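# Survey of secondary and tertiary structure
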Amino acid sequence: MKTNKYEIDMCNGTIMDKLISFSLPLMLSSILQLMFNAVDIIVVGRFSGSQALAAVGSTTALINIFTNLFIGISLGANVLAARYFAAGRDKEMSEAVHTAITLALISGIIMAFVGAGASRLALQLMDTPGDVIDQSVTYMRIYFMGMPFFMLYNYGAAILRAVGDTKRPLIFLIAAGLTNVVLDLLLVIVIPLGVAGVAVGTVASQMISCILVLRCLYKSEGSYQLRFSKLTLKWSYLKRIFQVGIPAGIQSTVINFSNALLQSSVNSFGSTAMAGYTAANNILGFLYVAVNAVTQACMSFTSQNYSVGKQKRMDRVLADCMILSVGVSVVLGVGAYVFGSQVLRIYTADTEVIRCGLEILSITTVPYFLCGIMDLIPGALRGMGHSAVPMILSVIGTVGTRILWIYAFFPQHRSLWFLFISYPGSWIATIVMQAVCFYFVRKHCARQLENAA
């Protein structure tokens, strides 16, 4: 199965060391990407003012709503490719790869036009304050012009993850991120373009990462080799990708819609609270990508082992992922809580902005391990090909809890701390429902595998 040094044999041998070998480069990739994105926020906050910082931050939830459906669909490509790779079905693997890359290109182009055209209206619907909305629109329109590059990179990286290669995407992101940092400094400090400068830097870095990952697939000698002349959309593969990917994308999109509602509640406190939320949310992003790397590992390992019928190994994968996710999130969450004030000072020198950021971090960081557990169970279920029910339960548990909190309880207790209690509350509610779902789906999959044998 393993044909080069970058691939990981997920179906044989010890598990924890391979999970770490898979997760760590992916974790570092995501953390580095966030650090490079944080440079955008730090540079614009330090050299263009708190309004520019609020303008960039106010777009985050909206951008996630627009992009996460298609990013979620890439998970379907990952699961399908992992199955074909583990089973040694080279022809199907190649056709799935070319279908996924074509889908990424088309969806990226659609995203560029829709996102750029709907930016102002969407920001107005979120009650973005008048003193920052023009800068927010500028940032979003430029950002969305890079969507084709963004989508191609994410789908290409999903294919590499399916075979266990998380190391080369890390190298690609380092190259792209360093470019982003240099352009931020040039286009904000030397050439004072403000939010437009950081947006241009982001698009340029996305283009570089896209070129590198496509070049990697093109030069590959394996069944996932990319040839542009073979790009196609085959319905049989699209259907399988959509079965897993669309529910995952809808789940992520709807959850980010609830975050957009939360952003609207934060906006009601004014631009200072918005800037504090932007900085705090960026710190929470580091926690999320760390636990999400373990979720990605769980999904890929489960998918490969499911395809060859190794049920006990699937269960061990989930147990080891739980240990790894909780350990990482507790260390990072406690660290963010203890050193929150010092970290927030990196983003801004405004004491009131720091106070708002600390208020949010005080309720969200230490219990963040709950978010990791909440994401792991659907990850395992997607690896087994079941995505719709976990999506529904995540929407009910996460979005339902937050909407109820925002409209029923928050108006009587208006503070950032009380608003963000909805985070750990929604995580607990979702875990309970997902655990019950996993029990029944796992029994069903066991019967399927036994019948197939």
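Provided above is the structure to which this section pertains.
Presented here is an overview of the structure given in this document. Chains are numbered independently. Their residues run from 1 in the order of the written sequence. Note on the predicted model: pLDDT of at least 70 is required for a residue's local features to be given, and 80 or more for side-chain atom pairs to be given and counted; whole-chain, interface and lining totals, by contrast, use all residues. To obtain the side-chain values, all non-hydrogen atoms of the structure were used and water was disregarded.

## Thoughts on the environment of Tyr143
Looking at the element boundaries, Tyr143 is found in helix 5 (residues 133–144). Once the C-alpha coordinates of Tyr143 and Ile63 are considered, the two residues, 80 residues apart in sequence, prove to be 8.9 Å apart. Once you skip the residues sitting within four places of it in the chain, Tyr143 turns out to touch Ile63, Phe150, Ala199, Thr202, Val203 and Gln206. In this text, helices come from DSSP runs of H or I with a minimum length of four residues, and strands from runs of E with a minimum of two, each type numbered from the N-terminal end. Note on contacts: a residue pair qualifies if any of its non-hydrogen atoms lie within 4.5 Å across the two residues.

## Quick look at the packing of aromatic side chains
By convention, a stacked pair of Phe, Tyr or Trp rings (six-membered ring in the case of Trp) has centres within 6.5 Å and planes under 30 degrees apart, an edge-to-face pair has planes over 60 apart, and any other such pair is tilted. The final tally for this structure, using the stated rule, is 14 aromatic pairs. Measuring from centroid to centroid gives 6.4 Å for Phe85 and Tyr224, while their planes differ by 65°, and the two rings are edge-to-face. In this pair, Phe85 sits in helix 3 (residues 60–87) while Tyr224 sits in the loop between helix 8 (195–219) and helix 9 (235–267), placing the two residues 139 residues apart along the sequence. Each member of the pair Phe85 and Tyr224 is classed as buried. Burial classes: relative accessible area under 20% of the type maximum marks a residue as buried, over 50% as exposed, and values in between as partly exposed (1.4 Å probe, protein chains only).

## Focus on a nonpolar patch on the surface
Patch rule: a residue counts if its relative accessible area is over 30% and it has no salt bridge; like charges are joined within 9 Å, and nonpolar side chains (Val, Leu, Ile, Met, Phe, Trp, Tyr) within 5 Å. Accessibility throughout is a Shrake-Rupley quantity obtained with a 1.4 Å probe, and a residue counts as covered only by protein chains that appear here. Salt bridge, as applied in this entry: a Lys or Arg side-chain nitrogen positioned within 4 Å of an Asp or Glu carboxyl oxygen. Together, Leu185, Leu186, Ile189, Val190, Ile191 and Leu193 line one region of the surface with nonpolar side chains, adding up to about 490 Å² of accessible area. Within the secondary structure, Leu185 sits in helix 7 (residues 167–190). Taking relative accessible area as the criterion, Leu185 reaches 38% and is therefore assigned partly exposed.

## Describing the side chain of Thr364
Looking at where Thr364 falls in the secondary structure, it is placed in helix 13 (residues 351–364). Of the polar contacts made by the side chain of Thr364, one reaches the backbone oxygen of Ile360; its length is 2.9 Å. The contacts of Thr364, once residues within four sequence positions are left out, are Leu284, Phe420, Tyr423 and Trp427. Polar contact is defined as a pair of N or O atoms within 3.5 Å, subject to the rule that within protein one atom must be able to donate a hydrogen and the other to accept it, and that residues adjacent in sequence are counted only when both atoms are side-chain atoms.

## Comments concerning the nonpolar core
We call a set of buried residues a nonpolar core when its members are Ala, Val, Leu, Ile, Met, Phe, Trp, Tyr or Cys and they connect through side-chain atoms within 4.5 Å of each other. Residues Val266 and Phe420 are the most contacted members of the largest nonpolar core, which totals 71 residues. For this core, the element with the highest residue contribution is helix 10 (residues 271–307), accounting for 18 residues. Residues contacting Val266, with those up to four places away along its chain left out, are Ala273, Met274, Tyr277, Leu416, Leu419 and Phe420. Within the second largest apolar cluster, 65 residues are counted, among which are Ala81, Tyr143, Ala162 and Ile241.

## Observations concerning empty space enclosed by the protein
A pocket, in this scheme, is an open set of points on a 1 Å grid over the protein atoms alone with protein on both sides within 12 Å along at least 5 of 7 lines, while a cavity is a set where a 1.4 Å probe fits but cannot get out; residues line either one if an atom lies within 4 Å of a point. Grid points are joined across faces, edges and corners, and a volume is the space filled by probe spheres set on the points. With the rule as written, the count across this model stands at two cavities of 30 Å³ or more. Quantified by volume, the second largest cavity comes out at close to 40 Å³. Forming the walls of the second largest cavity are Thr302, Met314, Asp315, Leu318, Ala380, Met384, Phe438 and Arg442. Mapped by element, the contributors of at least two residues to the lining of the second largest cavity are helix 11 (311–338) and helix 17 (422–452). Of the residues forming the lining of the second largest cavity, the biggest block, three residues, is contributed by helix 11. Put simply, Ala, Val, Leu, Ile, Met, Phe, Trp, Tyr, Cys and Pro go in the nonpolar bin, Asp, Glu, Lys and Arg in the charged bin, and everything else, Gly too, in the polar bin. In the lining of the second largest cavity, the residues fall into five nonpolar, one polar and two charged.

Nothing here speaks to function; it is all geometry.
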